[in-house]
Amino acid sequence: MDKIKSDIKSMLTPKRYKHILGVEEVAIELASRYGANIEKVRKAALLHDCSKQFTITKMRELCDCDETLKNYGHLGELIHGFAGSVYAKMKFGITDQEILDAIRYHTIGRRDMSLVEKITYLADAIEPNRDYADVEHIRHLAFENIDMAILHEADRKIEYLIKREAVIHPNTVDMRNWLLAKVKRGEI
Ligand SMILES: [Fe+2]
Ligand SMILES: [Fe+2]
């Protein structure tokens, strides 16, 4: 873990590294709260933005190594999670699919996320350096009910992207609808 940490530190800007440490801290707290594997969430947290320093061209090249990612090249910044999962496997030797998926979907989410994926997604959104209007509410909700917190965060993200006239990946809408359906059925 220390080796991953020092490698990541040397790859990213100080500001981004601070963000990574914030995500790791919250991911450990959430893993303790919900009984997830601490080692897995730590690895996912430390590596989730490992492709962030690359150019979009390099990210697309990384995605081209993976058959399943070839159709995502047009999505610009959104593909950094996809590129990151390929890079985490290549450079850091991560083979655990749950960790790789947590890295891959940390920005856009997806329906049926595992607990490790949910924790990585949410920790990225609420780590201590994040500062947006509803963040305190989502931070609180995260420890009460992780699904409700993700639903709330997805609503916020979608509203934000619409206001900015930015692309919304269909996964984010699908994840939101999946969680909303669970709420309506009284499952969360
Ligand atoms: Fe990210
Ligand atoms: Fe991040």
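These figures come from a predicted structure and were not determined experimentally. (Residues numbered from 1 in each chain as written. Chains lettered and ligands numbered in written order. Predicted model: local features only at pLDDT ≥ 70, side-chain atom pairs only at ≥ 80, totals over all residues. Heavy atoms only, no water.)

Q: Break down the packing of aromatic side chains for me, with residues and values.
A: Applying the stated criterion to the full structure yields three aromatic pairs. Ring geometry for Phe54 against Tyr87: centres 4.9 Å apart, planes inclined by 80°, an arrangement best described as edge-to-face. With Phe54 in the loop between helix 3 (38-47) and helix 4 (56-64) and Tyr87 in helix 5 (residues 80-92), the pair connects residues that are 33 residues apart, well separated along the chain. Each member of the pair, Phe54 as well as Tyr87, is classed as buried. For the pair Tyr87 and Phe92, a centre-to-centre distance of 6.4 Å together with 75° between the ring planes defines the contact as edge-to-face. Phe92 carries the same exposure label as Tyr87, and that label is buried. In textbook terms, an aromatic cluster arises when at least three aromatic residues are bridged by ring pairs, as seen for Phe54, Tyr87 and Phe92. One residue, Lys58, lies across the ring of Phe54, its end atom 5.2 Å from the ring centre. (Phe/Tyr/Trp six-rings, centres within 6.5 Å; stacked < 30°, edge-to-face > 60°. Helix = DSSP H or I, 4+ residues; strand = E, 2+ residues; numbered from the N terminus. Buried < 20%, exposed > 50% of the residue type's maximum accessible area, 1.4 Å probe, protein only. Lys NZ or Arg CZ within 6 Å of the ring centre and 35° of its normal.)

Q: Could you give an account of the packing of helix 2 (residues 14-34) against helix 7 (residues 115-126), with specific residues and numbers?
A: Across the interface, helix 2 lies against helix 7 with an axial gap of 8 Å and an inter-helix angle of 135°. One element, helix 2, and the other, helix 7, form an angle in the oblique class. For the element pair helix 2 and helix 7, the recorded crossing hand is right-handed. Where helix 2 approaches helix 7, its residues His19, Val23, Val26, Ala27, Leu30, Ala31 and Tyr34 are matched on the opposing element by Leu115, Ile119, Leu122, Ala123, Asp124 and Ile126. Here the contact of helix 2 with helix 7 is composed, by residue class, of 11 nonpolar, one polar and one charged. (Axes fitted to C-alpha atoms, helices over the stretch in contact; angles between N-to-C directions. Parallel < 35°, antiparallel > 145°, perpendicular 65-115°, else oblique. Left-handed = near helix turned anticlockwise from the far one by under 90°. Contact = heavy atoms within 4.5 Å. Nonpolar A, V, L, I, M, F, W, Y, C, P; charged D, E, K, R; others polar.)

Q: So, the coordination of the iron ion (ligand 2): which residues are in play, and what are the values?
A: The iron ion (ligand 2) binds to the protein through His19 (NE2), His48 (NE2), Asp49 (OD) and Asp124 (OD); the donor distances cover 2.1 to 2.3 Å. Geometry at the iron ion (ligand 2) is irregular, judged from its four donor atoms and the angles of 83 to 176° they form at the metal. Here the iron ion (ligand 1) and the iron ion (ligand 2) are spaced 3.4 Å from one another, each receiving a donor from Asp49. Of this pair, His19 sits in helix 2 while His48 sits in the loop between helix 3 and helix 4; the two residues are 29 residues apart in sequence, bridging distant segments of the chain. A relative accessible area of 7% means that His19 is categorised as buried. (Donors = N, O, S within 2.8 Å, 3.2 Å for Na, K, Ca; no water. Tetrahedral: all angles 85-135°; square planar, octahedral: opposite > 155°, others 65-115°.)

Q: Run through helix 6 (residues 97-104), naming residues and quoting values.
A: Summarising burial for helix 6: six of the eight residues are buried, a large majority. Those residues of helix 6 not exposed but buried are Ile99, Leu100, Asp101, Ala102, Ile103 and Arg104. Residues of helix 6 that are buried sit in contact with helix 3, helix 5 and helix 7. Its side-chain oxygen at 2.8 Å from the backbone nitrogen of Glu98, Asp96 defines the N-terminal cap of helix 6. (Polar contact = N/O pair within 3.5 Å; in protein donor to acceptor, adjacent residues only side chain to side chain.)

Q: Just give me the short version of the pattern of salt bridges, but keep the residues and values in it.
A: In this structure the tally under the stated criterion is 16 salt bridges. Between Lys40 and Glu98 there is a salt bridge, and its shortest N-O distance comes to 2.8 Å. Here Glu98 lies in helix 6 and Lys40 lies in helix 3, a separation of 58 residues in the sequence. A salt bridge links Glu136 to Arg139, with the nearest nitrogen and oxygen atoms 2.8 Å apart. With Glu136 and Arg139 both in helix 8 (residues 135-144) and three residues apart, the pair spans about one turn of that helix. (Salt bridge = Lys/Arg side-chain N within 4 Å of Asp/Glu carboxyl O.)

Q: Before we move on, could you go through the coordination of the iron ion (ligand 1) and cite the residues and values that matter?
A: At 2.1 Å from the iron ion (ligand 1) lie its protein donor atoms, namely Asp49 (OD), His80 (NE2) and His106 (NE2). Read from N- to C-terminus, the donor residues coordinating the iron ion (ligand 1) fall into the pattern D-x30-H-x25-H.

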